[in-house]
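Structural overview
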Amino acid sequence: MSASFFSAADLALARESLAHAERPTSPRLHLATSHETDPGPPRPEALTPPETDGVPDTVVLVVDYTTDWSAVFSPPLFLPNGSRLVVEQASWQAMAVEAIGPESGHVEVLIQAEPESPNPQARTSPRRVTPHAVIVRNFPTDLSARGHVNALVGLAFARLPAVNSLHSVYMGMDRAMMYAQLAAIGREPGMGAGDVDPLPLVPMRYCANAKLALGLEFSPQPEIEPPAVVKVGSTHAGFGKALARDAAALDDLVSILMTQDEYYPVEPFIEHAYEYRIQWIAGHVRVFRRNSSTSWKNNRGNISFEDMDVLPHHRAWAAAVARYTWGGLDLFALDVLHIAPDRELILEINDTACGFMHEHEFEDVRRVRNALYTKLSQLVDASSESTP
């Protein structure tokens, strides 16, 4: 028997999956096929170079190692003030960030060369970059749940505009906090109570994994009976998730978790006809099935995807999440269990690093580009209106 249960290839796959969780397999440079469309720029004038020279470029830092974003921003786009959007691309592990407050935007990022980057410009030499905006397409966490959080915090410290907002990316790293945010929608003042229906969530029990010698037990609560799904902390992509089919298996699993420090949520394992995903990109909704023929975890193994019709309740759920989650989300996906024709439950949310269907990736990454362009254009317009 080898010294490790996992091969080097297994561990490499784990690191990749966690860095960009839920991502369907796709080539590094995805070209449009006959059934794909380019949504085009959000404003026709975005492709028109300015009539005057001397307007500084707007540097967009894209955190992603799966897509060549220099191709996504080609031909270049120009903001209403004539500033050209220029892409710098890196993965979290390749950057170091320093910023100065209290004014926003005073930030510098050192980026090392990444020979395997899909962006040719990022492969050869280290760079010193001053970004003005950010697109986040990789989670800043790894199996230790912390990963490269310091880089994210540095960008957030500088208060850079981003898709998704850097505050929401930070909060979205924690599974329990994200669940609590979804649970508040439609149930609490300021979170749509009275305006939108509460979201139908899979029940969850939060277990802090505390080890206190008090001689006390928690008060009786409605139990989540096995079969149950136990998720360790906030890991993604199917890692740290186990199915306990009976009480003995659940007890064994909890006994192992008590040797560690991570909290663990427990959910009932719900039999369902299929799982599907509601994807939101700045108001555009896409719905598709995502199921595995080889694993009860539908984001692992041999996964198949199939487009579905977008129904009114899909739009309503997505619009509520986009409006009320951490001040607003530009990009996310809800994973939903279809149990019966009249019963569906939302399993979880995947935010800024949600994976796109390969068949629509060419279009969807450009919708992300347009979401950032729109956000930056609004800032430019607001600045020009406030200038005497």
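The structure reproduced in this document is the subject of the present report. Because the structure is predicted, anything quoted here is derived from the model rather than measured. (Residues numbered from 1 in each chain as written. Predicted model: local features only at pLDDT ≥ 70, side-chain atom pairs only at ≥ 80, totals over all residues. Heavy atoms only, no water.)

1. Some details on the environment of glycine 233
Our working rule: Only DSSP runs of H or I covering at least 4 residues are called helices, and only runs of E covering at least 2 are called strands; the numbering of each starts at the N terminus. We call two residues contacting when some pair of their heavy atoms lies within 4.5 Å.
Relative to the helices and strands, glycine 233 resides in the loop between β9 (228–231) and β10 (241–244). Setting aside residues no more than four positions away along its own chain, glycine 233 makes contact with Arg175, Glu262, Tyr263, Tyr264 and Pro265.

2. Topic: the sheet that holds strand β8 (residues 205–207)
Going by this rule: For two strands to count as paired, DSSP must find a minimum of two bridges between them. Between the N-to-C directions of two axes lies an angle of 0 to 180 degrees, each axis being a line fitted to C-alpha atoms and, for a helix, fitted only over the stretch in contact.
If you trace the four strands from one edge of the open sheet to the other, you get β8-β11-β9-β10, paired in antiparallel fashion. Edge positions in the sheet fall to β8 and β10, since each of these pairs with one other strand and no more. Adjacent strand axes in the sheet meet at a mean angle of 25° when their direction is disregarded. Of the pairings in the sheet, the one linking β9 to β10 comprises four bridges and is antiparallel in character. Opposite valine 230, over in β10, you have alanine 242 as the bridge partner.

3. Examining the nonpolar core
Note the threshold: In this description, a nonpolar core means a group of buried Ala, Val, Leu, Ile, Met, Phe, Trp, Tyr and Cys residues linked to one another through side-chain atoms lying within 4.5 Å. Residue exposure (1.4 Å probe, protein chains only): buried if accessible area is under 20% of the type maximum, exposed if over 50%, otherwise partly exposed.
Grouped together as the largest cluster of nonpolar side chains are 29 residues, with contacts concentrated most on Ile278, Val321, Phe332 and Leu334. Looking at this core element by element, the count peaks at six residues for helix α7 (residues 312–324). Among residues more than four places away in sequence, those in contact with phenylalanine 332 are Ile278, Gln279, Trp280, Ala318, Val321, Ala322, Ile349, Asn350, Asp351 and Cys354. Counting residues in each nonpolar core, the second largest holds 25 residues, with Ala46, Val87, Ile281 and Leu331 among its members.

4. A word on the pattern of salt bridges
Heads up, the rule is: A side-chain nitrogen of Lys or Arg and a carboxyl oxygen of Asp or Glu constitute a salt bridge if their distance falls within 4 Å.
Considering all chains together, one arrives at 16 salt bridges under this definition. With a closest N to O distance of 3.2 Å, glutamate 88 and arginine 127 form a salt bridge. One end of the pair, glutamate 88, is in strand β2 (residues 85–90); the other, arginine 127, is in strand β5 (residues 127–129), and 39 residues separate them in sequence. By sharing partners, the salt bridges in this structure join Arg175, Lys231, Glu267 and Glu348 into a single network.

5. Looking at the packing of aromatic side chains
The criterion, for reference: Paired rings are identified among Phe, Tyr and Trp, the last through its six-membered ring, by centres lying within 6.5 Å, and are further divided according to the angle between planes into stacked (under 30 degrees), edge-to-face (over 60) and tilted (the rest). Two thresholds decide whether a charge sits over a ring: the Lys NZ or Arg CZ must be within 6 Å of the ring centre and within 35 degrees of the ring normal.
Summed over all chains, the structure comprises five aromatic pairs. Consider the rings of tryptophan 69 and phenylalanine 73, whose centres lie 6.4 Å apart with planes at 45°: the pair is tilted. By relative accessible area, tryptophan 69 is classed as buried at 0%. Taking 6.2 Å as the distance between ring centres and 15° as the angle between the ring planes, the aromatic pair formed by tryptophan 280 and phenylalanine 332 counts as stacked. In this pair, tryptophan 280 sits in strand β12 (residues 274–281) while phenylalanine 332 sits in strand β15 (residues 331–340), placing the two residues 52 residues apart along the sequence. The ring of phenylalanine 356 has arginine 137 sitting right over it, with the charged end atom 4.2 Å from the ring centre. Lying across the ring of tyrosine 274, arginine 289 places its NZ or CZ 3.7 Å from the centre.

6. So, the side chain of arginine 175
Rule in force here: Pairs of N or O atoms are called polar contacts if they sit within 3.5 Å, as long as, within protein, a hydrogen donor faces a hydrogen acceptor (for residues adjacent in sequence, only side-chain-to-side-chain pairs).
Its place among the elements puts arginine 175 in helix α5 (residues 175–184). Residue class for arginine 175 comes out buried when judged on its relative accessible area of 14%. Side-chain polar atoms of arginine 175 contact the side chain of glutamate 348, separated by 3.4 Å.

Honestly, that's just the spatial picture; any functional story needs more than this.
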